[in-house]
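Structural overview for review
The primary structure of each chain is shown beneath.
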Amino acid sequence: MTPHTAPTGGNDALRAARLKRGWRSQEAAAKGVSAAGREALDDMHFEVAPRTWRRWESAKPGWSRDDYAIALHAAFGRWPEDLGFEVPEGWQREEPPPDEDDVRRRTFVSVTAAALTVGPTPPRHVDPALITYFQEQLEGHYRADMLLGPHDLIGTVSAQYELIDRLIRVAKGETRRGLLRVGAAYAALVGWLYQDAGDMGAAAFWRGLTQEIALRSRNPHLVAYSLVNQAQVRTDLRDGDGVVDLCEAALENQRVLAPKVRVMVLQQQAHGASLTRDRRGVDTLIDQATGLLRHVEDDLPWGNACRRTPNYLEVQRATCYGRLGLGREANSLWEQVLSEVPGTARRDRGVYLARQATAAATAQEPDQAVEIAREAAQIAVDTGSVRMRRELETLQGAMRPWHDAPIGQELAEVLTAVDERG
C-alpha cells in the first residue's frame, strides 16, 4: 500500500470529499460525520469537534483514532488512508471481520475510545491548577447526574477523562500524582454512568480502569474506593460472595483509611450480606458505618454521597431489607428517607420510590404500591435510567399475585410509558 499524505497546503483529499457531500464548511462536515459515526458506532455520544476537523484538513492531519476512522468510512465510504491522512509506517488495514465481530469491535471502540488513546503524547507544560479545575468540574457532574441521568453525561465525562489521561502522560511529580487521583474519580463516574444505563460490560471495563489508576496513584483511599466500585458491579450481578470478598479486601488496611472510605466499604458489604440472606450481617455492618459518619471530614472530592445524601445509610438499610423480602420494615424506612430527599436528587428519588413500591407490594399493600409507582415511572421516563427501570421490573414481579386484578391492570397502564421509552 502506498501511504497517502496531505499536500503541503492542506488535506485536499478530505476537503474534496466533504465538498462532494455538499458540506461547504468544516463545521457542517464535523456535524455530518458526527451523525454518521453515531449511527455506525451505535454511540449516541460520539462527536467530531470542529477543531478536530480543522486539524484534519491541515497540512499535517496525523492519523485518526479507530472510532473516527469508522465514522469517516460511514460518511464517505472511504478509510482515512484514502482521505489524505498520514499513514503510520508499515501500517496496513486488516480485512473487515464478519458482521458479528464487527459489531462487537465497534461496541468496544465506543466504550473504550476515551480510555485507550494511543500515544505517544507530545510534551507540554501541565499547570498544577488543572487538578483543582477538574475536581470542581467533578462536583458539577455529580449534581448533573442526579438531575439528568446517565445518557446525557457519558460523552461529556468520558471526554474529560480522555484529556486527563493525556495530561497524566506528560505531567511530572506531584502534578502527575494529583491528576492520577482525579482521573480515578472520573473513571469511576463513567463506570457508574454506564452501570446506571444498564451496560454492565462497559461498567466493568471502567471500574477495572478505576482500579488500575488507583493502584498507579499509590493512594490507599483510592485503592479501597476502586474495590467498592467493583463490588457495586458484583451487587448488580447478584453475586453476594463476590461483593463480600472485594469489601473484605478493601478493609485489609482499614487503619489507614479515611472514615468516609470505611463507610463506603461497610455499606457495600451490607449489600453483599443481603444477597447471602444475612440480615444480622446487614444490621451490624450498617450500624458500624453509622458510628463512623460523624468522623467524616476529609476533603477528598469523590465518594461524598454519604455527606450529600440525607439518611444515606438508612437508604442502604432499606434497600437491603427490600432485597431480603422484609416489606413492612423497608416500607417504613423508605417513608422516612423520602420525606427528606431534596428536589435536586430527582433520579435518586425515582429509584427510592420504585424500591418503596416493591416493599409495599411485598407487605401486601398493592394499592399503595401502584400509587407510589406513578411518580417513579414518570422519573424513569424523564431520566432514561435503566437502573430505575429494573427496579420497576422488580415491582412487577412483586405485584404478580394481582396480575389479573384491576389493580394489576392499573400498574400495567402506569408502566406503559416506561416500556415505550425502552
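Residues numbered from 1 in each chain as written. Predicted model: local features only at pLDDT ≥ 70, side-chain atom pairs only at ≥ 80, totals over all residues. Heavy atoms only, no water.

Regarding the overall build of the protein
- Scanning the protein from terminus to terminus reveals 21 helices and zero strands.
- Its C-alpha atoms give the protein a radius of gyration of 24 Å, near enough to 22 Å, the size a compact globule of 422 residues would have.
- Once the C-alpha set of the protein is aligned to its principal axes, its extents read approximately 75 × 55 × 35 Å.
- Within the protein, the proportion of its 422 residues that are buried is 52%.
- Counting every atom, the protein has about 20300 Å² of accessible surface; 48% of that belongs to carbon and sulfur. (Helix = DSSP H or I, 4+ residues; strand = E, 2+ residues; numbered from the N terminus. Rg over C-alpha atoms; globule rule 2.2 N^0.38 Å. Buried < 20%, exposed > 50% of the residue type's maximum accessible area, 1.4 Å probe, protein only. Areas by Shrake-Rupley, 256 points an atom, 1.4 Å probe, with all protein chains shown as cover.)

What about the environment of Cys 320?
- Here Cys 320 lies in helix α15 (residues 312-323).
- Given the relative accessible area of 0%, Cys 320 is considered buried.
- For the pair Cys 320 and Ala 330, spaced 10 residues apart in the sequence, the C-alpha separation amounts to 8.2 Å.

So, the nonpolar core
- Leu 179, Trp 206, Trp 334, Leu 395 and Met 399 are the most contacted members of the largest nonpolar core, which totals 109 residues.
- The element best represented in this core is helix α8 (residues 173-196), accounting for 13 residues.
- For Leu 179, the residues in contact, after removing those within four places along its chain, are Val 126, Ile 131, Phe 134, Ile 164, Leu 167, Ile 168 and Ala 171.
- Leu 14, Val 33, Leu 41 and Tyr 68 belong to the second-largest nonpolar core, a separate cluster that totals 21 residues. (Core = buried A, V, L, I, M, F, W, Y, C linked by side-chain atoms within 4.5 Å. Contact = heavy atoms within 4.5 Å.)

What to know about the pattern of salt bridges
- Applying the stated criterion to the full structure yields 25 salt bridges.
- Across the pair Glu 27 and Arg 54 runs a salt bridge, and its minimum N-O distance is 3.3 Å. With a gap of 27 residues between them, Glu 27 in helix α2 (residues 26-41) and Arg 54 in helix α3 (residues 50-56) connect regions that are remote in the sequence.
- For Arg 54, a relative accessible area of 39% gives the class partly exposed.
- In this structure, a network of salt bridges that share partners links the residues Arg 279, Asp 283, Asp 287, Glu 314, Arg 317 and Glu 329. (Salt bridge = Lys/Arg side-chain N within 4 Å of Asp/Glu carboxyl O.)

Here's the deal with helix α16 (residues 327-338)
- In this model, α16 (12 residues) spans 16 Å end to end at C-alpha, consistent with the 16 Å of a helix rising 1.5 Å per residue.
- Every buried residue of α16 is listed here: Gly 327, Ala 330, Asn 331, Leu 333, Trp 334, Val 337 and Leu 338. Down the axis of α16, the smallest arc covering the buried residues is 165 degrees, so these residues share one side.
- Next to the buried residues of α16 lie α15, α17 (346-362) and α18 (366-383). (Expected span 1.5 Å × (residues − 1). Arc of directions from axis to C-beta.)

Points about the confidence of the model for the protein
- The share of residues in the protein with pLDDT of 70 or more is 92%, and the mean pLDDT across the chain is 88.
- The model gives residues 1-8 a pLDDT under 50, and that stretch makes 18 contacts with residues more than four places away or in other chains. (pLDDT = per-residue confidence, 0-100.)

Digging into the packing of helix α12 (residues 259-275) against helix α13 (residues 279-293)
- It is at 8 Å that the axes of α12 and α13 come closest, and there the two elements cross at 165 degrees. Classified by the angle their axes make, α12 and α13 are roughly antiparallel. Handedness of the crossing formed by α12 with α13: left-handed. Two secondary-structure elements touch here, α12 through Pro 259, Arg 262, Val 263, Leu 266, Gln 267, Gln 269, Ala 270, Ala 273 and Ser 274 and α13 through Gly 281, Val 282, Leu 285, Ile 286, Gln 288, Ala 289, Leu 292 and Leu 293. (Axes fitted to C-alpha atoms, helices over the stretch in contact; angles between N-to-C directions. Parallel < 35°, antiparallel > 145°, perpendicular 65-115°, else oblique. Left-handed = near helix turned anticlockwise from the far one by under 90°.)

Re the packing of α15 against α16
- Running from N to C, α15 and α16 cross one another at 155 degrees; their axes reach a closest spacing of 8 Å. One element, α15, and the other, α16, form an angle in the roughly antiparallel class. Note on packing geometry: the crossing formed by α15 with α16 is left-handed. Counting all contacts with α15, which are made through Glu 314, Val 315, Arg 317, Ala 318, Thr 319, Tyr 321 and Gly 322, the residues of α16 involved are Glu 329, Ala 330, Leu 333, Trp 334, Gln 336 and Val 337.
- In the contact of α15 with α16, the residues fall into seven nonpolar, three polar and three charged. (Nonpolar A, V, L, I, M, F, W, Y, C, P; charged D, E, K, R; others polar.)

Points about helix α7 (residues 154-170)
- The end-to-end C-alpha separation of α7 is 25 Å, in line with the 24 Å expected for 17 residues at 1.5 Å each.
- Looking at α7, one finds that the buried residues are Ile 154, Val 157, Ser 158, Gln 160, Tyr 161, Glu 162, Ile 164, Asp 165, Leu 167, Ile 168 and Val 170.
- Buried residues along α7 sit in contact with α6 (129-148), α8 and α9 (200-217).

Section: a negative patch on the surface
- Taken together, the side chains of Asp 241, Asp 245, Glu 248 and Glu 252 present a region of like negative charge at the surface.
- Checked against the element boundaries, Glu 252 lands in the loop between α11 (240-250) and α12. (Patch = residues over 30% accessible without salt bridge, like charges linked within 9 Å, V, L, I, M, F, W, Y side chains within 5 Å. Lys, Arg positive; Asp, Glu negative; His and termini not counted. Charge placed at Lys NZ, Arg CZ, Asp CG, Glu CD.)

Some thoughts on the side chain of Gln 195
- Mapping Gln 195 onto the fold places it in helix α8.
- Take Gln 195: its relative accessible area is 1%, and that puts it in the buried class.
- Those residues in contact with Gln 195, other than ones at most four positions away along the chain, are Met 200, Ala 203, Arg 207, Gln 232, Val 233, Asp 236 and Arg 387.

Here's the deal with the environment of Thr 290
- Residue position: Thr 290 is located in helix α13.
- For Thr 290, a relative accessible area of 35% puts it in the partly exposed group.
- The sequence separation of Thr 290 and Gln 336 amounts to 46 residues, and the corresponding C-alpha distance is 16 Å.
- For Thr 290, the contacting residues outside a window of four places in its chain are Leu 313 and Arg 317.

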